Amino acid sequence: MRRKQHYAWFFIFPGLILLLMFTVLAAILAFCFSFMDFNLLRPQDASFIGADNYIRLFKDTSFLKAMKNTFYFAVIVVPYQVGLAFGLALLVRENVKGIGIFRSAYFSPLVTSMSVIAILWTFIYNPNPTQGLLNAVFAKAGLPSCDFLRSADTAMNSIIFMSGWHGAGYQMMILLAGLQAIPEDLYEAASIDGAGAIKKFVYITVPGIKNVLVFVVMMTTISAMKLFTQPYIMTNGGPKESTMTLTYYLYRQGFQYRNMGYASAVSVIFFVVVVGISTGIKKIMKAR
Amino acid sequence: MIMKKRKSALSFALAASMALSLLGCGSGSTPSSESAKDNSKSVKELTMWYQENRAMIPAIEQRVADFNKTYEGQYHLNIEFIPRGSSYAYEDKVNSAASAGILPDLLALDGPNLSNYAANGIIIPITDYISDESKEDMLPSSLLQNTYQNQIYAVSINEAVSLFYYDKTIFEEHGFRIPENPDDAYTLDEVYEMAKEVATPEVAGIKIIMDKGEGLIYGLSPFFYSADAPLLSEDGSKAEGYVNSPASVETASVLQRFFTEKLANIDPTPTEYQDGKAAMWIAGNTGVIKQFKDFPDLNWGATYLPKAGDHMVSNCGSWTLGISKDCKDPDSAYVALEFMTNSDSTRLYGDLGGYPPARKSAYENNSLWDEYPYNMAKEQLFEAAIPRPKTPVYTVLSSKFAETMLDIFTGSDPKESLDALAIYIDEEYARFQSSMK
């Protein structure tokens, strides 16, 4: 038995070292740095400044905007993306001939990295009808052109639309696995009892997939909170900081402006927010 | 039992090799000269980073090869080209390498970043290495850019200047005049009128945005200076009253019109002008002229930059080469720095890459810079160039300026946006000052 434990430690050793170094240690360091004036380029001059970074944060309109934008993104994108994924999962659930093609098609955006997708969508969203695909379609249909990423009113919604499109395929796959795990007998029994499609959905499908759904909602929320690539590549956080998010702000302060201490304070707040949200979701879902 | 021992030895070896391979990832990409030194005791290995600039790579590679040949058996220079993307990817890499202490021996940097890098000790002063003769030979604009607090920190690889490019066919059709000398340069209002006249749904009047990072302050600052609206106070310590001065707001408003009236695209393709999709191109640098031959349908013409006030101002300043704080042997590094920035080198960067040389002697017996359109670039550089602001918070200024101008171009109020920019830059400067104490 002891020998077996010995082996277990042995095998988790590399993973454990990495986890300690890049997650636990990094988190502890970030927490310490958040109380320091720490210029990335002059680590030797870092000095303790107490809660100054946090005080500055809550007066920093850019940070507050980033917080608001991040929540807005999550609140809209989660139901939209999960709903879309659920719909797609229901569509591709039946084992009819050729369904594999549809499953792959819905999943395919995920095969390409977000950076590439973001650049492609920048072209699609180009406000000039001769260059942007969507505006070209609008022009053909006689509709006025839309500025998409270049207007503070539409930029975040444009990002939400493409993000949901990109991510839904993955959640669809997980939900599909959940749907297929629901025993066929239940539906048969319900049919015999005279239940219609809606009743079957409400009383069999939904309860049967609840756990998977909780998982999917939680993962989508957490990844939504981490929104970075799209604003980084598509909008640089603009126009008028309408697509500035917490992680992008953190990156900008830490790596572009080199204020590591301040960026660490942002990351600590971010951590608290994400932990708070995930426990919240778990509690709400459990209560139901 | 033996089997078991073997198995545990095997698993240990596996785990160890995994751990080693992970560690290896870190040290493998370390550009410091340390690891290379062991390979050969007599040859000193040196490392250098430069941005992945397509126009310049052949010339830089040739000079690296020349250096390695000249100093065979003594020094060996290894160059790594790093992408800059359309914003600040190169600078991000330098930032993280600086904090990790793994900068290369020779670090190329974009000129206006010099004050910031010098103030933060990323590059070391090299004044004592530079001979009077060499210093005398540098272009004044380059020397000014490379000096911080009376110390020289780098030597320019090349210079850069924007010209105004136009579509000859369109211009001839409309009968527009072509300026013959700097005093005669177009005014921004004139450019606006021309753009209005030529713009069609398919062809933009003008291309103004070269990229959404440094390119904005590089490309647009000449108009602000031309309108007597310097972006910062002369010592670089104050933005309030400068970047948001009435003249500055007026210049921003004039530029804004191009976008709000759809005469210029906010998201131009990289080759919008070359593809015939823009009738004029206001920014860029002379490096692009060499690339025009890849576009046989392009009937291009070039003239001096337009002016926003009563006199034309040119931009200037380009990549420069310094010795990093992580360099273990600055004496050796300087040998390579000297070679890569000497008159022959900077001349070759001009000949192959199309950028103006950064040394006076490189223009002697050099007919290229007396030929159209390079002669105008030379004239602008020698007579009308004003470097971008020198401030230790330049990185913040550059990216905030870019963000602010993009906001203005997409409809934000110029006065409000520039006021906010001034406050932000001054706060950042104050923080920088207090952190230096």
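Residues numbered from 1 in each chain as written. Chains lettered and ligands numbered in written order. Predicted model: local features only at pLDDT ≥ 70, side-chain atom pairs only at ≥ 80, totals over all residues. Heavy atoms only, no water.

Draft legend 1. Main features of the overall build of chain B. Within chain B, the regular secondary structure consists of 17 helices and 11 strands. For 437 residues, the compact-globule formula gives about 22 Å, and the C-alpha radius of gyration of chain B, at 24 Å, lands near that figure. Each principal axis of the C-alpha distribution contributes one length, and for chain B these read about 90 × 50 × 50 Å. By sequence separation, contacts in chain B at least 24 residues apart represent 77% of the contacts at least 6 residues apart. As presented, chain B carries roughly 17,600 Å² of accessible surface, and 52% of it is formed by carbon and sulfur atoms. (Helix = DSSP H or I, 4+ residues; strand = E, 2+ residues; numbered from the N terminus. Rg over C-alpha atoms; globule rule 2.2 N^0.38 Å. Contact = heavy atoms within 4.5 Å. Areas by Shrake-Rupley, 256 points an atom, 1.4 Å probe, with all protein chains shown as cover.)

Draft legend 2. Representation of the side chain of Q380(B) in the model. Residue and element names in this part refer to chain B. Note on placement: Q380 falls in helix α15 (residues 374-383). Assessed through its relative accessible area of 1%, Q380 is described here as buried. Side chain to side chain, Q380 and S314 meet in a polar contact 3.0 Å long. Apart from residues no more than four positions distant in its own chain, Q380 is found in contact with V161, S162, L163, Y304, L305, M312, S314 and A385. (Buried < 20%, exposed > 50% of the residue type's maximum accessible area, 1.4 Å probe, protein only. Polar contact = N/O pair within 3.5 Å; in protein donor to acceptor, adjacent residues only side chain to side chain.)

Draft legend 3. View of the pattern of salt bridges. One pass over the full model with this rule turns up 24 salt bridges over all chains. Among the ionic pairs, K262(B) bridges to D147(A), the shortest N-O distance being 3.4 Å. Placement of the pair is K262(B) in the loop between α11 (246-260) and β9 (278-281) and D147(A) in the loop between α6 (133-140) and α7 (155-180), with the two residues belonging to separate chains. Here the residues in one salt-bridge network are K65(A), E241(A), R252(A), K400(B) and E403(B), joined through shared partners. (Salt bridge = Lys/Arg side-chain N within 4 Å of Asp/Glu carboxyl O.)

Draft legend 4. Representation of empty space enclosed by the protein in the model. This structure, assessed with the given rule, holds 4 cavities of 30 Å³ or more. By volume, the largest cavity is sized at about 210 Å³. Residue lining of the largest cavity: 21 residues in total, with T235(A), N236(A), K212(B), E403(B) and L406(B) positioned closest to the centre. Looking at the lining of the largest cavity, the elements that each hand over two or more residues are α10 (229-235) and α11 (246-256) of chain A together with α16 (394-409) of chain B. The element contributing the most residues to the lining of the largest cavity is α16(B), with 5 residues. Considering only residue class, the lining of the largest cavity consists of 9 nonpolar, 7 polar and 5 charged. (1 Å grid on protein atoms, 1.4 Å probe; cavity = no way out; pocket = protein on both sides within 12 Å on 5 of 7 lines; lining within 4 Å. Points joined across faces, edges and corners; volume = space filled by probe spheres on them. Nonpolar A, V, L, I, M, F, W, Y, C, P; charged D, E, K, R; others polar.)

Draft legend 5. Focus on the layout of surface pockets. As a volume, the second largest pocket reaches approximately 990 Å³. A26(A), A27(A), A30(A), F255(A) and M260(A) are, among the 36 residues lining the second largest pocket, the residues nearest its centre. Mapped by element, the contributors of at least two residues to the lining of the second largest pocket are α1 (2-33), α11 and α12 (260-287) of chain A together with α4 (89-100) of chain B. With 10 residues, α1(A) is the largest single contributor of residues to the lining of the second largest pocket. When the residues that make up the lining of the second largest pocket are grouped by side-chain class, the tally is 27 nonpolar, 6 polar and 3 charged.

Draft legend 6. Main features of the nonpolar core. Counting residues in each nonpolar core, the largest one holds 174 residues, and the members touching the most others are I206(B), L220(B), F258(B), M280(B) and F409(B). A per-element tally of this core places helix α3 (residues 61-91) of chain A first, with 12 residues. Taken domain by domain, this core gets at least three of its residues from each of domain 1 (42-160 + 317-382) and domain 2 (164-315 + 393-436) of chain B. Setting aside chain neighbours within four positions, we find F258(B) in contact with L188(B), V191(B), Y192(B), A195(B), I206(B), I208(B), L263(B) and A264(B). If you look at the next biggest cluster of nonpolar residues, it comprises 25 residues, including F292(B), L298(B), L368(B) and M376(B). (Core = buried A, V, L, I, M, F, W, Y, C linked by side-chain atoms within 4.5 Å. Domains from an automatic or database assignment.)

Draft legend 7. Region of the structure containing the packing of α7(A) against helix α9 (residues 197-225) of chain A. Residue and element names in this part refer to chain A. Between α7 and α9, the shortest axis-to-axis distance is 9 Å and the interhelical angle comes to 155°. Accordingly, the angle class assigned to the pair α7 and α9 is roughly antiparallel. Two packed elements cross with a definite hand, and for α7 against α9 that hand is right-handed. For the pair α7 and α9, the contacting residues are Q171, I174, L175, G178 and L179 in the first and T205, I209, V212, L213, F215, V216 and T220 in the second. (Axes fitted to C-alpha atoms, helices over the stretch in contact; angles between N-to-C directions. Parallel < 35°, antiparallel > 145°, perpendicular 65-115°, else oblique. Left-handed = near helix turned anticlockwise from the far one by under 90°.)

Draft legend 8. Just the interface of chain A and chain B, in detail. At the interface, 34 residues of chain A touch 40 residues of chain B. For chain A, the biggest contributors to the area lost against chain B are L41(A), R42(A) and Y257(A); these three give 18% of the whole. Counting across the interface, chain A meets chain B through 4 salt bridges. For E403(B), the salt bridge goes to R252(A), with nearest N and O atoms at 2.3 Å. Here the residues of the side of chain A that touches chain B sort into 15 nonpolar, 9 polar and 10 charged. (Buried area = accessible area lost by both parts, 1.4 Å probe.)

Draft legend 9. Region of the structure containing α7(A). Between the first and last C-alpha of α7(A) there are 38 Å, a value that for 26 residues agrees with the 38 Å anticipated at 1.5 Å per step. Bending of α7(A) peaks at approximately 35° at the position of A168(A). (Expected span 1.5 Å × (residues − 1). Bend = angle between axes of the 7 residues up to and from the residue.)

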